[in-house]
Amino acid sequence: MAQVDRANVAANLNTGPAWTGGVVPTATDIAAWGTPLITIGTAQALGGSVSWQGVLLRSAQTSAITIAATAGATLTLGTSGIDLSASGANLTVASLVALGPATQTWRVASGRTLTVSGQLTANAKNVTLSSAGSFSLTGANTTTWTNSTITVASGAYWNIANANGPGAASNSIVVEAGASATIASTVGGLLPASFTLSGTGTGTAATRFALHANVAQGAGRTFTFAGTRTMFLSMNSLNAATHAAKFTGTTSAETVLVAGNNTTLTNTANDFVAGGNGVEIQSYQTNGSEDGRYAIILSGDVSDVATFGNASNPVYIETTGAFQTTAATVNRTISRNLKIEGHTVTGAGTPAPDIFNNSATKLSLTGTVNLLGTNGLAATFDSATNGSVALAGTLTGAGNISVVSGGTLELATGLTLSSYTGNVVVGAATIKYGIGGITGTATLANNAIIDNASVSLVTLSHSSYAVSTLFTFAGSAGPLSTGSGAISGALSTIVVSGSKLTIPGNITSSFAAPAKSGAGTLALAGNNSFLTSFTHSGGGLELNSAGSAGVNIFVITAVTPNTLDSTGATLSRTAANQLNGNFTWKGTADLNIGTGNVTINAARTITFASTGETGTLKLAGAITTTTANLTWNFGGSTAGAKQCVTLGGANGSLSDGTAANQHAVTAGYFRIENNNGLGAVAATTTWWIGAFNNGTQTTKAALELAGVTTPDTKSVNLYNIGPNDDGALIGASGTSVFSGDISVPNVAGTRIGVKTGATLTLRCLVQARRPNA
């Protein structure tokens, strides 16, 4: 076998002058270009039919070479095929090419391209595309090249730029591990052959097959996945809804289907049929555009399990973009089991497989979702339409869950946890909990919303929470508890817009000075000693542990409605408290505000709730105010209410004697545990028991003295018999002495009582207008 060099002269390739030595290569010779360097016009016609053992371009050849067509002339190639493995130039073969032997190999160096635009004519003649270069077969080969196999070997890239390039439907295309094949965007019509993706590598070593065109699969054509981890990457639309056997697997190993940017899946039965362990979706975004970001675009309901292949095996999503939903009028349900593994693409892409819901409807994943690795699953939404995604089957694995922007990710009420250990990250979006067993950390960015998908209380199991300045609990379906996990971060505002949010864990950030707002109820039960201050500015607040309100300033601002409650707590507070707004004491259980003074900056009213609870609100510190405009409004309570306010401090500021500032106890109990609890020694403040301070009679109110001696400047007006019929003025415990004036107006049944073991001494003028006082 000899090499015959092309001469640097213009002559047809079937003539002697075209070749060094004047002899045309034969079927045992290799036609070679590059010695000498070909600088004449590079497109030389075949001239007539020739048979060569092979074609070779040497490294010295730097100008592109074209073997131009001649009508009726054929180039027949032998076992050496075409060799550009060391070429410095590209080669185009535009003539008819007859494949002589049963098998031949075409080799192309990295960076070089071999284009065969002429028709390939052969029957049962196989070609292997080898080396790291690019191959393009653009001839109309559908009827001329039959019953053959095209093998794309490892490292090679085949650009299928013509629908007829791969030959007849009887041909088979094998794409090996590490090889690539792409159907270009200019290709349309039916896929011309059956494809076997036989790669056995993983990751980037796997087979890559890309569709950049809207290509339909013909009847009887199949994609066969024969390897353990074969990749099929579809960048655009694959239109084969009318053909049942679209993708099939032949081994018990993991079958791979990778669908890319514009792949449209409809609810056609058997749209994807996968053998082996199911279907794999593997698509990596390589640039900043949307191209390749999403593995599958859902344009309709995909509830049929056959949509994603073998119903008994999971779909494996290994991608930077999993699903994108369209068609806002259709809810979607994917009932297949999913294995999801996120990948970060350097310089572009997202840190996890995205579910991008750009519709106003819900995408429900009702199978088992196994989140692999650390990146897990991200949900991105179009905030203009507020779509939602629900995990409604079984969640397992360790991959993180993140809600990137807009919309709602719902951990549905019916979701089952199976050893899931990942973390949850929420951006300026909503996460809705129907279950509470996620044990990883939760990170809430600024403007994050947490919600409850269940009408009953959901208690979360997160080990800790990292929060930004503001987060909101929507409470759209019911109450939520954050569980025992500690909360850290620069927390400044907790908005509870509905229902009730309970935070039993500790708020541990030394920078936290939160304000609670919103119409819902916030319940604190942790040791929040790191709080620099706490402001309650609307809705309900429950303080259910000694350290729940922190140890520094506790502020109630002037926002209505404003409710304070407890399940029973004595706050470990010695710092000042500010009553800068009115509030209602709900009285579910006792609450001791602590020994810190209570500063009042203007006229304020503390109102009893109307639900008849029996809890005691104790102000153990002194009430400090220069106006003394503090009204105890028990008027909202039901008859017989047994709620109680206890004053334990020396309230020297309660000294204003004007009628507008007198203190009215209109229901329940008012207990004094300090000699100056009723106000300063030199004051003349009057207390109205069982009436408003204008003298309007109410019912069931009492002033209790617990071992104190009151100043003789204090006066009380007594109405009625008290909540337990034991008196409107009561010696409650110890030895008490009342030194002021007592007036018993014209009200039947008004009593003064003493509890067992207590002593009450009256050193005062009792003015009774009825004989039964």
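Residues numbered from 1 in each chain as written. Predicted model: local features only at pLDDT ≥ 70, side-chain atom pairs only at ≥ 80, totals over all residues. Heavy atoms only, no water.

Attention now goes to the overall build of the protein chain. A tally of helices and strands in the protein chain yields zero helices and 79 strands. For the protein chain, buried positions account for 56% of its 773 residues. Excluding contacts between residues fewer than 6 apart, the proportion of contacts in the protein chain whose partners are at least 24 apart in sequence is 58%. Accessible surface computed for the protein chain: about 25800 Å², of which carbon and sulfur atoms make up 52%. (Helix = DSSP H or I, 4+ residues; strand = E, 2+ residues; numbered from the N terminus. Buried < 20%, exposed > 50% of the residue type's maximum accessible area, 1.4 Å probe, protein only. Contact = heavy atoms within 4.5 Å. Areas by Shrake-Rupley, 256 points an atom, 1.4 Å probe, with all protein chains shown as cover.)

The next point concerns the nonpolar core. L501, L564 and W632 are the most contacted members of the largest nonpolar core, which has 96 residues in total. Counting residues per element, this core draws most heavily on strand 43 (residues 424-433), at five residues. If we ignore the near neighbours within four places in the chain, the residues touching L564 are L541, L543, F554, I556, F583, T584, W585, K586, G587, L591, I593 and L617. Ranked by size, the runner-up nonpolar core spans 45 residues in total, among them A18, V127, I150 and W158. (Core = buried A, V, L, I, M, F, W, Y, C linked by side-chain atoms within 4.5 Å.)

Looking now at the pattern of salt bridges. All told, the structure shown has seven salt bridges when counted by the stated rule. A salt bridge links R58 to D5, with the nearest nitrogen and oxygen atoms 2.5 Å apart. Residue R58 is located in the loop between strand 4 (50-57) and strand 5 (65-68), and its partner D5 is located in strand 1 (residues 2-5); the two are separated by 53 residues in the primary sequence. Here E673 ties to R671 by a salt bridge, and the two come within 2.8 Å at their closest N and O atoms. Through salt bridges with shared partners, a single ionic network connects K618, R671, E673, E704 and K755. (Salt bridge = Lys/Arg side-chain N within 4 Å of Asp/Glu carboxyl O.)

Below, the discussion takes up the packing of aromatic side chains. We describe a pair of aromatic rings using the distance from one ring centre to the other and the angle between the two ring planes. Evaluated as defined, the whole model comprises five aromatic pairs. Consider the rings of F670 and W687, whose centres lie 5.1 Å apart with planes at 55°: the pair is tilted. On the criterion of sequence distance, the pair formed by F670 in strand 70 (residues 668-672) and W687 in strand 71 (residues 686-689) is long-range, its members being 17 residues apart. Using a relative accessible area of 0% as the deciding quantity, one classes F670 as buried. Three or more aromatic residues joined by ring pairs make a cluster, and in this case those are W19, W33 and W52. (Phe/Tyr/Trp six-rings, centres within 6.5 Å; stacked < 30°, edge-to-face > 60°.)

Within strand 70, four of the five residues are buried, which leaves it mostly tucked inside the rest of the structure. Sheet topology places strand 68 (residues 644-647) next to strand 70; four bridges connect them, and they run parallel. Across the sheet, L647 pairs through a bridge with I672, a residue of strand 70. Where strand 70 and strand 72 (residues 701-706) come together, five bridges link them in parallel fashion. Paired with I672 across the two strands is L705, which belongs to strand 72. (Pairing = 2+ DSSP bridges.)

Overall, parallel pairing links the eight strands, which are arranged 59-62-65-68-70-72-74-77 in an open sheet. Of all strands in the sheet, those with a lone pairing partner are strand 59 (569-570) and strand 77 (752-754), marking the two edges. Summarising the sheet, strand 59 and strand 62 (residues 591-592) pair through two bridges and their orientation is parallel. Across the sheet, T570 pairs through a bridge with N592, a residue of strand 62.

Take the pairing of strand 9 (residues 103-108) next. Where strand 6 (residues 74-84) and strand 9 come together, three bridges link them in parallel fashion. Across the sheet, the residue bridging to D83 is R107, located in strand 9. Here strand 9 pairs with strand 12 (residues 126-130) via five bridges, running parallel. Across the sheet, the residue bridging to Q104 is V127, located in strand 12.

This part is about the sheet that holds strand 67 (residues 630-633). The strand order 46-49-52-54-56-58-61-64-67 describes an open sheet built from nine strands, whose pairing is parallel. Because the sheet does not close on itself, it has two edges, and the strands there are strand 46 (458-459) and strand 67. Pairing between strand 54 (residues 521-524) and strand 56 (residues 539-543): four bridges, direction parallel. Bridge pairing in strand 56 places T521 opposite G540.

Tracing the sequence through the fold places G520 in the loop between strand 53 (515-517) and strand 54. G520 sits 19 residues away from L501 along the chain, and the two C-alpha atoms are 7.8 Å apart. Among all residues touching G520, those that are not within four sequence positions of it are V496, S497, G498, S499, G538, G539 and G540.

Residue P36 is reached from T35 by a cis peptide bond, and omega for that bond is 0°. On the secondary structure map, P36 appears in the loop between strand 2 (29-33) and strand 3 (43-45). In the Ramachandran plot, S499 falls in the positive-phi region, its phi being about 55° despite a non-glycine side chain. With respect to the helices and strands, the residue S499 is situated in the loop between strand 51 (493-496) and strand 52 (500-503).

Further remarks concern a nonpolar patch on the surface. Nonpolar side chains collect at one region of the surface, where I752, L762 and V766 lie side by side and expose about 210 Å² of accessible area between them. The residue V766 is located in strand 79 (residues 766-768) in this model. Given a relative accessible area of 39%, V766 falls into the partly exposed group. (Patch = residues over 30% accessible without salt bridge, like charges linked within 9 Å, V, L, I, M, F, W, Y side chains within 5 Å.)

Turning to the side chain of T607, a few remarks are in order. Among the secondary structure elements, T607 is positioned in strand 64 (residues 604-608). On the basis of relative accessible area, T607 is assigned to the buried category, the value being 18%. Not counting residues up to four positions away in its chain, the partners in contact with T607 are F583, T584, W585 and N633.

Position of N651 relative to the elements: it lies in the loop between strand 68 and strand 69 (663-665). Judged by its relative accessible area of 0%, N651 falls in the buried class. There is a polar contact of 2.9 Å between the side chain of N651 and the backbone oxygen of G677. For N651, the contacting residues outside a window of four places in its chain are G621, A622, I623, N676, G677, G679 and A680. (Polar contact = N/O pair within 3.5 Å; in protein donor to acceptor, adjacent residues only side chain to side chain.)

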